[in-house]
Each structure stands twice: as C-alpha cells, then as structure tokens.
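# Chain and residue survey
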Amino acid sequence: MEQLHRIPVQRSEDKLIVPIQYELTAPALNALKERLFNQIQGQNYKGVAFDLSGLELIDAEELESLLQLMRTLKIVGLIPVLCGLSPGLTATIVGLDISFDALAVEADLKLALEYLSKL
C-alpha cells in the first residue's frame, strides 16, 4: 500500500485526530473511511478533528469527498471539526463556493480539540 493511503487516525482521550498531509486521492480517502469506521465501532468518541495544516491546496472533488465523510460521521453521532486551514487553502475553499452545511471549523488543532471538549 503506498504511503498516500496511510492517513493516520490518532486518539486523544475521547476524540480522534486525522492529520491530512497528502493529497486526498480516492484510495486514500477510502482507506481512511474504513479505518475510521473500524475504530469508532463500539467506542464512545465525541468527535473527529480533521487537521488540514499539512495541505497547501485541495481541489473541489477532494474537498467534497472530505465533507461527505464529515457529514457521514455527524449522522452516526460524532462531531466533525475541520481545522488548520492555511490562507491559500481558505481562499481555494471560498472560491469553490462549497457549502459546509453548518460543520464546525476552527483555526487550529488546539482550538478544535477545545471545541470538542466543551461538548
């Protein structure tokens, strides 16, 4: 399995952290979905922080796939939080005019974890 398929999922108390540092290819995202859903089965996590601080750019398809995963997690009872958006990444997202459907967004991982701790 190539390195891009190995997006890590880390545990921090009752929260999960997903640091995304590589392009979100379809195989990488599918592997991440499988790993996330295996990890949350039978557990009592509050939410998942998706840290994009390692990304410079994201295309519309990758972003929509990530947002779909976040919506799915919300449906199963976890609170997804997007964090670590660089100015360039933020400009790209705004330019794509994609709705976040009231998903939580925080400036950095520390704030995302604090947000989840308050729930």
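Up top you'll find the structure we're talking about.
Computed from a predicted structure; not experimentally measured. (Residues numbered from 1 in each chain as written. Predicted model: local features only at pLDDT ≥ 70, side-chain atom pairs only at ≥ 80, totals over all residues. Heavy atoms only, no water.)

### So, the overall build of the chain
Which entries qualify depends on this criterion: Strands here are runs of E lasting at least two residues and helices are runs of H or I lasting at least four, both read from the DSSP assignment and numbered beginning at the N terminus. Computation of the radius of gyration draws on C-alpha atoms alone. For the globule rule, the value is 2.2 Å times the number of residues to the power 0.38. Between two residues, a contact is recorded if the distance between any of their heavy atoms is within 4.5 Å. Here the Shrake-Rupley method, with its probe set to 1.4 Å, supplies the accessible areas, and only the displayed protein chains count as covering residues. Charge convention: Lys and Arg are scored as positive, Asp and Glu as negative, and His as well as the terminal groups of each chain are ignored. By convention, the point assigned to a charge is CZ for Arg, NZ for Lys, CD for Glu and CG for Asp.
A tally of helices and strands in the chain yields four helices and five strands. The secondary structure elements of the chain, listed N-terminal to C-terminal, are β-β-α-β-α-β-α-β-α. Taken against the 2.2 N^0.38 rule, which gives 14 Å for 119 residues, the C-alpha radius of gyration of the chain at 13 Å falls within 12% of a compact globule. Expressed as lengths along the three principal axes of its C-alpha atoms, the size of the chain is roughly 35 × 35 × 25 Å. Contacts spanning at least 24 positions in sequence make up 73% of the contacts within the chain whose residues lie at least 6 apart. Counting only carbon and sulfur atoms, one obtains 52% of the accessible surface of the chain, whose full area is about 6,400 Å². Between the mean site of the 10 positive side-chain charges and the mean site of the 16 negative ones, the chain shows a separation of 10 Å.

### Remarks on unusual backbone geometry
Here glutamate 13, not a glycine, exhibits a phi torsion of approximately 55°, which is positive. Tracing the sequence through the fold places glutamate 13 in the loop between strand E1 (10-12) and strand E2 (15-19).

### What about the pattern of salt bridges?
Under the convention used in this document: By definition here, a salt bridge exists when the distance from a side-chain nitrogen of Lys or Arg to a carboxyl oxygen of Asp or Glu is within 4 Å. Classification of residues uses two cut-offs on accessible area relative to the type maximum, computed with a 1.4 Å probe and protein chains only: under 20% is buried, over 50% is exposed, and between them is partly exposed.
Applying the stated rule across the entire model yields five salt bridges. As a salt-bridge pair, lysine 15 and aspartate 14 come within 2.7 Å of each other at their nearest N and O atoms. Note on lysine 15: relative accessible area 3%, which makes it buried. Between arginine 71 and glutamate 64 there is a salt bridge whose closest N-O contact spans 3.0 Å. Residue arginine 71 is classed as buried on the basis of its relative accessible area of 17%.

### Here's the deal with the nonpolar core
To keep it simple, the criterion reads: For the purposes of this section, nonpolar cores are sets of buried Ala, Val, Leu, Ile, Met, Phe, Trp, Tyr and Cys residues that join through side-chain atoms within 4.5 Å.
Formed by 30 residues in total, the largest nonpolar core has its most connected members in Val18, Ile20, Leu32, Leu36 and Phe50. Within the residue set of this core, elements represented by two or more residues are E2, helix H1 (26-40), strand E3 (47-51), helix H2 (60-75) and helix H3 (87-96). With six residues, the single largest contributor to this core is H2. In this view, isoleucine 20 contacts Ile7, Phe50, Asp51, Leu52, Gly54, Leu55 and Leu66; residues no more than four positions away in its chain are not counted. If you look at the next biggest cluster of nonpolar residues, it comprises eight residues, including Ile17, Ala49, Ala104 and Leu113.

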